[in-house]
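Listed below, chain by chain, are the residues.
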Amino acid sequence: MWLLTWLLCLSPLLAHEDNKEVVGIMGENFTFPVQIDQKIVEIVWKKNKDKVAEWEEQNKPTYFGHLRDRSVLTENGSLTIVNLKKDDAGTYELVYRDYVEDHQLNFILDVLDSLPEPEISCNTSDSELVLNCTANFQRPLNYTWKLSNGPHSYRNQELSIPLKNVDITTNATCIIKYSQTERSSEISLMQCLSEEKGDSSHKRHRNILISLLTAFVILVVILEFLRRKGIIKCGIERRTAQNNSPANGSGEHEQLFPGNSQQQSNSEGAAFSHAVHCENEEPEAELTQDTEVENGGHPNNSSSCTEEGEWSPILL
C-alpha cells in the first residue's frame with residue numbers, strides 16, 4: 001500500500017520529465033521527432049487529451065478535430081502537421097502498442113512566428129569588406145555565408161573579405177536556420193562597394209556644406225560687429241559727403257534750381273545755333289557789298305545779322 005502511494009506521487013514528476021519540448025514555425029510543416037524500432041500494431045495521437053489521429057494495423061489512418069485536413073500519420077508513429085498555426089501549440093501525447101505492451105511519448109509544441117528574411121549590411125574597415133547578417137527572431141539562429149565564386153561555407157554571422165581579394169562579380173548569400181526551416185538573402189559585392197563610396201561622398205559633401213555655412217555665419221557676425229562700432233557706417237558717410245561736394249559736382253544745385261539750368265541750357269543752345277547760322281550766311285553778305293560798290297553805292301563796314309540770321313548792310 002505504501003509503495004503504491006509512493007508511485008502515485010511520483011507519477012506526475014515522471015510524466016513531466018518525459019515531456020519533450022519541440023518548436024515549430026508558423027506556416028511551415030512540422031513533424032514530431034519519433035523513433036520507434038519495434039513493430040507497431042496500433043497508434044493513437046492526442047492533443048490536450050483529445051484524439052487527433054489514429055491508426056490500426058492493416059487500416060488507413062483516421063483524423064479528428066482541427067487536424068482532420070492538415071495532418072499525416074505514418075506507420076512508424078510520426079505525425080506531421082501541415083501549415084502550422086498558432087493554435088496548434090499545446091501538449092501532444094503518443095500512445096502506441098507493439099506485440100508485447102503499450103508505450104507512451106509526450107511532447108510540448110510551441111509555435112513561433114514566421115522566420116523572417118535576413119538583412120545584409122556591408123562596410124569597409126581596416127582594408128576589409130565586412131558583411132553582416134541580421135534577423136529579428138525569438139530564438140537564436142544559425143548563420144551561414146556562401147560566396148558564388150567558391151564552394152566553401154562560413155558559419156558565422158559576420159564575414160570579412162580583404163579588399164584586394166574582392167571580386168565585384170561575386171554574390172554573397174546569408175542563410176539563417178532554425179530547427180528545420182531556412183531563409184536566405186543575397187547581395188552583390190559590387191553593390192556593397194558602390195554603397196560605401198556613395199556614403200563617403202555624401203558625408204564629404206555634407207561636411208563641405210557645413211563648413212561653408214559656418215563661414216557665412218561668422219562673416220555676418222563680423223560685419224554686424226563692425227557696423228555697430230561705426231566703422232562701416234563712417235566709411236559710407238565719408239564717401240557720400242565726397243560725392244555731394246561742389247568739387248565733384250553736387251546734384252543738389254540741380255535739384256534746387258532745375259528751371260535755371262534748363263533755361264541756361266536753352267540759351268546756350270540758341271546762341272550756338274544763331275552763331276552757326278550767321279557764320280554760314282557771311283559769304284552772301286560780302287557778295288552783296290561788292291555788288292553795291294560796283295553800282296556806285298557806298299559800302300559800310302558795319303553790318304548786322306537779322307533775327308533770322310541773315311546778313312544785311314546798314315545804310316548811313
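Refer to the structure above for everything that follows.
All residue numbers refer to position in the chain's written sequence, counted from 1. Per-residue local features of the predicted model are confined to residues with pLDDT of at least 70, and side-chain atom pairs are confined, for both listing and counting, to 80 or more; whole-chain, interface and lining totals are unaffected and use all residues. Side-chain metrics rest on all non-hydrogen atoms present in the structure, leaving aside hydrogens and water.

Engineer: What is the right way to look at the overall build of the protein in this model?
Structural biologist: Here a helix means four or more residues in a row that DSSP labels H or I, a strand means two or more in a row labelled E, and each is numbered from the N terminus. Looking only at helices and strands, the protein has five helices and 18 strands in total. A simple rule labels every residue: compare its accessible area, found with a 1.4 Å probe on the protein chains alone, to the largest value its type can have, and call it buried under 20%, exposed over 50%, or partly exposed in between. For the protein, buried positions account for 25% of its 316 residues. A contact between two residues is defined here by any heavy atoms of the two lying within 4.5 Å. A sequence separation of at least 24 residues applies to 55% of the contacts in the protein between residues at least 6 apart.

Engineer: Just to check I follow, could you spell out the state of the cysteines for this structure?
Structural biologist: For the purposes of this analysis, a disulfide is any pair of cysteine sulfur atoms at a distance within 2.5 Å. What the rule picks out here adds up to two disulfides. Here Cys 122 connects covalently by a disulfide to Cys 192, the sulfurs 2.5 Å from one another. Looking down the S-S bond of the Cys 122 and Cys 192 bridge, the torsion is -105 degrees, so its handedness is left-handed. Linking Cys 122 in strand E10 (residues 119–125) with Cys 192 in helix H2 (residues 189–229), this pair joins segments that are 70 residues apart in sequence. Cys 192 shares its class with Cys 122; the two are buried. Covalent S-S linkage joins Cys 133 and Cys 174, the inter-sulfur distance amounting to 1.9 Å. Across the S-S bond of Cys 133 and Cys 174 the torsion is about -90 degrees, and the bridge reads as left-handed. Linking Cys 133 in strand E11 (residues 128–134) with Cys 174 in strand E15 (residues 171–178), this pair joins segments that are 41 residues apart in sequence. For Cys 133, a relative accessible area of 0% corresponds to the buried category. Overall, the relative accessible area of 0% leaves Cys 174 in the buried class.

Engineer: Help me understand the pairing of E10, please; the structure alone is not making it clear to me.
Structural biologist: It is a general feature of regular strands that their side chains alternate between the two faces of the sheet. Here, any two strands with at least 2 DSSP bridges between them count as paired. As paired strands, E10 and E11 are joined by seven bridges and run antiparallel to one another. Within E11, the residue paired with Thr 124 across the bridge is Leu 129. Hairpin geometry of E10 and E11 is characterised by an intervening segment of two residues between the two adjacent antiparallel strands and by a positive phi of about 55 degrees at Asp 126.

Engineer: Explain unusual backbone geometry to me, please; I cannot follow it from the model alone.
Structural biologist: Among all residues except glycine, the phi angle is most often negative; among peptide bonds, the trans geometry is most common. The backbone of Gln 58 shows a phi angle near 70 degrees, a positive value even though the residue is not glycine. Note on placement: Gln 58 falls in the loop between strand E4 (50–56) and strand E5 (62–63).

Engineer: Help me out: how do you make sense of the sheet that holds strand E13 (residues 153–154) in this one?
Structural biologist: The strand order E13-E12-E15-E16 describes an open sheet built from four strands, whose pairing is antiparallel. Sheet topology places E13 and strand E16 (181–188) at the edges, where each strand pairs with a single neighbour. Sheet topology note: the E15/E16 ladder contains eight bridges and is antiparallel. Directly across from Ala 172, in E16, lies its bridge partner Ile 187.

Engineer: Honestly, a nonpolar patch on the surface in this entry has me stumped. Any pointers?
Structural biologist: Together, Leu 213, Phe 216, Val 217, Val 220 and Val 221 make up a nonpolar patch on the protein surface, roughly 470 Å² of accessible area in all. Mapped onto the secondary structure, Val 221 falls in helix H2. Exposure above 30% relative accessible area and the lack of any salt bridge qualify a residue for a patch; like charges then connect within 9 Å, and the nonpolar side chains Val, Leu, Ile, Met, Phe, Trp and Tyr within 5 Å. Values of accessible area rely on a 1.4 Å probe in the Shrake-Rupley scheme; residue burial ignores everything except the protein chains shown. One side-chain nitrogen of Lys or Arg within 4 Å of one carboxyl oxygen of Asp or Glu is enough to make a salt bridge.

Engineer: Looking at this structure, how should I read the pattern of salt bridges?
Structural biologist: Side-chain pairs of opposite charge can arise where the charged atoms are in close proximity. For the structure shown, the criterion picks out 10 salt bridges. With a shortest N-O distance of 3.1 Å, Glu 28 and Arg 183 are connected by a salt bridge. A residue pair is termed long-range when its members are at least 10 positions apart, and Glu 28 in the loop between strand E1 (19–25) and strand E2 (30–31) and Arg 183 in strand E16 qualify at 155 residues. Measuring nitrogen to oxygen at the nearest pair gives 3.5 Å for the salt bridge that ties Lys 51 to Glu 54. Residues joined in a network through salt bridges with shared partners are Glu 42, Arg 97 and Asp 102.

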